[in-house]
Amino acid sequence: MADQQARPGEDKRPSGIPVIRWEEPPEGPVLILLDQTRLPSEEVELVCTDASALVEAIRSLAVRGAPVLGIAGAYGVALAAARGFDVDEAAEALESARPTAVNLSLGVRRGLAAYRDALAATGDPTAAATAALASAQALHREDAEASARMAAHGLALLDELMPGGGHRVLTHCNTGALVSGGEGTAFAVALAAHRVGRLRRLWVDETRPLLQGARLTAWEAARSGMAYTLLTDSAAGSLFAAGEVDAVLIGADRIAADGSVANKVGSYPLAVLARYHHVPFIVVAPVTTIDPATPDGASIEVEQRPGFEVTEILTPQATAMGGGGGVPLAPLGTQAYNPAFDVTPPELVTAIVTEEGAVSPVTPEALAALCAQGRATPAV
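Computed from a predicted model, the values in this text were never measured in an experiment. (Residues numbered from 1 in each chain as written. Predicted model: local features only at pLDDT ≥ 70, side-chain atom pairs only at ≥ 80, totals over all residues. Heavy atoms only, no water.)

Scanning the protein from N- to C-terminus turns up 11 helices and 17 strands. Computed over its C-alpha atoms, the radius of gyration of the protein comes to 20 Å, within 12% of the 21 Å expected for a compact globule of 380 residues. Expressed along its principal axes, the backbone C-alpha trace of the protein runs to roughly 65 × 55 × 40 Å. Per-residue burial for the protein yields a buried fraction of 54% across its 380 residues. In the protein, the proportion of contacts linking residues at least 24 apart, taken out of those at least 6 apart, comes to 74%. With 27 positive and 44 negative side-chain charges, the protein shows a spacing of 5 Å between the two charge centroids. (Helix = DSSP H or I, 4+ residues; strand = E, 2+ residues; numbered from the N terminus. Rg over C-alpha atoms; globule rule 2.2 N^0.38 Å. Buried < 20%, exposed > 50% of the residue type's maximum accessible area, 1.4 Å probe, protein only. Contact = heavy atoms within 4.5 Å. Lys, Arg positive; Asp, Glu negative; His and termini not counted. Charge placed at Lys NZ, Arg CZ, Asp CG, Glu CD.)

Right under this line is the structure:
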């Protein structure tokens, strides 16, 4: 079950409502999410009291973005354990909620491993639940620290590629604090450039069909005082042709062992445009998003979303008329092709930036070394 409580945000600071947090009221532990489907018009919290509510929140994109999905998955295991539900069943449901983002699976497995190890050692379900929660909280802290390190490495790379500042950066989808335990991935790099006075303009793709750029990235940019401009996805080519883009910064939901990058659909066309116009195309993601078990881009399972996300538009203020609960944009019965992600081959990626540093050119060997370095780095 889930309850909602509206919390309007009226100031111009980053939201005071955490994206995800664990609380233990008298009636039992809960996982509280900032409902991203309601932004930017209102800040609403979604309270999950069991793993099934969290699964629905993940599927509906109330919580989304690779790093925070990993955190949510780990907390979901802890929630099932603390509430006395079947932990294995909850873990299976959580892991399958969205197939492309590898961090979700990793977070679930990390929480499940902590639970099982503690249960085997103590035979006490309460101790095992405590261990699962500690594991989730550690992952949450680690992601925040990784975000800060990615921002530093990414800013250094921008300055190396474009000495003198004045960066005009194009980004796609949403990669800020809403997807992270910290300040995000690609957006965190742009934010770091803004804070030191080297960001001239953030170009924000609206990101069809769910408008995460328009609804979420523009919201975060405005609240951070950044100079930004929103554009339709199809207008990006004219920006490149006019020489108005210095770099593209995107996140990733899964990076294959060969360097192929799965990200929000629309990323691959940007990579093609960037290559043609000799503009750096930079991917920013934690090492955990690199999946050595996925050999190449063709092996990445791409999530297919419901067609009504394309044929209708969902607005809280409008009268629902379509089959998906939104306002129809296309004739009734129109079929829609709606992949959630596309895959960019490594030869179109200038660099991949992680908390352990950047790799360029992107090769299987360089990524493997980066992953090995990440495994050797102590958690903080």
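Let us now look at the pairing of strand E10 (residues 261-264). For strand E9 (residues 254-256) and E10, the ladder comprises 2 bridges, and the chain directions are antiparallel. Looking at the pairing, Ile-255 lines up with Val-261 of E10. From the end of E9 to the start of E10, which pair antiparallel, there are 4 residues, and Gly-259 there has a positive phi angle of about 100°. Pairing between E10 and strand E15 (residues 341-344): 4 bridges, direction antiparallel. Looking at E15, one finds that Ala-262 is bridged to Val-343. (Pairing = 2+ DSSP bridges.)

Moving on, we get to helix H5 (residues 125-161). Look at H5: 53 Å from first C-alpha to last across 37 residues, which is about the 54 Å you get at 1.5 Å a residue. Where H5 begins, one side-chain oxygen reaches toward the backbone nitrogen of Thr-126, 3.0 Å away; that side chain belongs to Asp-124. (Expected span 1.5 Å × (residues − 1). Polar contact = N/O pair within 3.5 Å; in protein donor to acceptor, adjacent residues only side chain to side chain.)

With that settled, the discussion passes to the nonpolar core. Core analysis: the largest hydrophobic core is formed by 49 residues, its most contacted members being Ile-20, Leu-31, Leu-33, Leu-54, Ile-58, Tyr-75 and Leu-94. A per-element tally of this core places helix H2 (residues 66-83) first, with 11 residues. If we ignore the near neighbours within four places in the chain, the residues touching Leu-33 are Val-19, Ile-20, Val-44, Glu-45, Leu-46, Cys-48, Leu-54, Ala-57 and Val-63. Ranked by size, the runner-up nonpolar core spans 29 residues in total, among them Leu-170, Ala-274, Val-359 and Leu-370. (Core = buried A, V, L, I, M, F, W, Y, C linked by side-chain atoms within 4.5 Å.)

Taken as a whole, helix H3 (residues 87-95) has its buried residues at Val-87, Ala-90, Ala-91 and Leu-94. Relative to the axis of H3, the buried residues are bounded by an arc of 100° and lie together on one face. Exposed residues lying more than 90 degrees from the buried face of H3 are Glu-89 and Glu-92. Turning to H3, the residues buried within the fold contact helix H1 (51-59), H2 and helix H4 (102-122). The distance from a side-chain oxygen at the start of H3 to the backbone nitrogen of Asp-88 is 3.1 Å, and the residue carrying that oxygen is Asp-86. (Arc of directions from axis to C-beta.)

In this section: the packing of H3 against H4. At a minimum axis distance of 9 Å, the contact between H3 and H4 shows a crossing angle of 170°. Judged by the inter-axis angle, H3 sits roughly antiparallel to H4. In this structure, H3 contributes Val-87, Asp-88, Ala-91, Leu-94 and Glu-95 to the contact, and H4 contributes Leu-104, Ser-105, Val-108, Arg-109, Leu-112, Tyr-115 and Arg-116. Of the residues in the contact of H3 with H4, the class split is 7 nonpolar, 1 polar and 4 charged. (Axes fitted to C-alpha atoms, helices over the stretch in contact; angles between N-to-C directions. Parallel < 35°, antiparallel > 145°, perpendicular 65-115°, else oblique. Nonpolar A, V, L, I, M, F, W, Y, C, P; charged D, E, K, R; others polar.)

Attention now goes to the sheet that holds strand E16 (residues 351-354). The strand order across the open sheet built from 7 strands is E7-E6-E5-E8-E11-E16-E17, with neighbouring strands paired in mixed fashion. The open sheet has two free edges, formed respectively by strand E7 (228-231) and strand E17 (357-359), since each of these has just one partner strand. Each adjacent strand pair in this sheet contributes to an overall mean axis angle of 25°, direction not counted. Here strand E6 (residues 199-205) runs beside E7; their pairing, made up of 4 bridges, is parallel. The partner of Leu-202 across the bridge, within E7, is Tyr-228.

Before going further, it helps to spend a moment on the pattern of salt bridges. A complete count under the given rule lists 18 salt bridges for this structure. For the salt bridge of Arg-109 with Glu-95, the shortest nitrogen-to-oxygen distance reads 2.8 Å. Highlighted residues: Arg-109 in helix H4 and Glu-95 in helix H3, separated in sequence by 14 residues. When its relative accessible area of 26% is taken as the criterion, Glu-95 is described as partly exposed. Where Arg-149 meets Glu-356, a salt bridge forms, and the shortest distance between an N and an O atom there is 3.2 Å. With Arg-149 in helix H5 and Glu-356 in the loop between E16 and E17, the pair connects residues that are 207 residues apart, well separated along the chain. Overlapping salt bridges, with partners in common, bring together Arg-98, Glu-303, Arg-305 and Glu-309 in one network. (Salt bridge = Lys/Arg side-chain N within 4 Å of Asp/Glu carboxyl O.)

This next bit is on the sheet that holds strand E12 (residues 290-291). Hydrogen bonding along the main chain pairs the strands of a sheet, whether they run parallel or antiparallel. The sheet built from 4 strands is open, its strands ordered E12-E9-E10-E15 with mixed pairing. Two strands lie at the open edges of the sheet, namely E12 and E15, each paired on one side alone. Contacting E10 and E15, helix H9 (residues 267-276) crosses the sheet at an angle of about 35° to E15.

A word on the packing of aromatic side chains. Under the criterion given, the structure shown has 1 aromatic pair. The interplanar angle of 20° and the centroid separation of 6.0 Å between the aromatic rings of Trp-22 and Tyr-75 together place this pair among those described as stacked. Of this pair, Trp-22 sits in strand E2 (residues 20-23) while Tyr-75 sits in helix H2; the two residues are 53 residues apart in sequence, bridging distant segments of the chain. One exposure class covers both Trp-22 and Tyr-75, and it is buried. (Phe/Tyr/Trp six-rings, centres within 6.5 Å; stacked < 30°, edge-to-face > 60°.)

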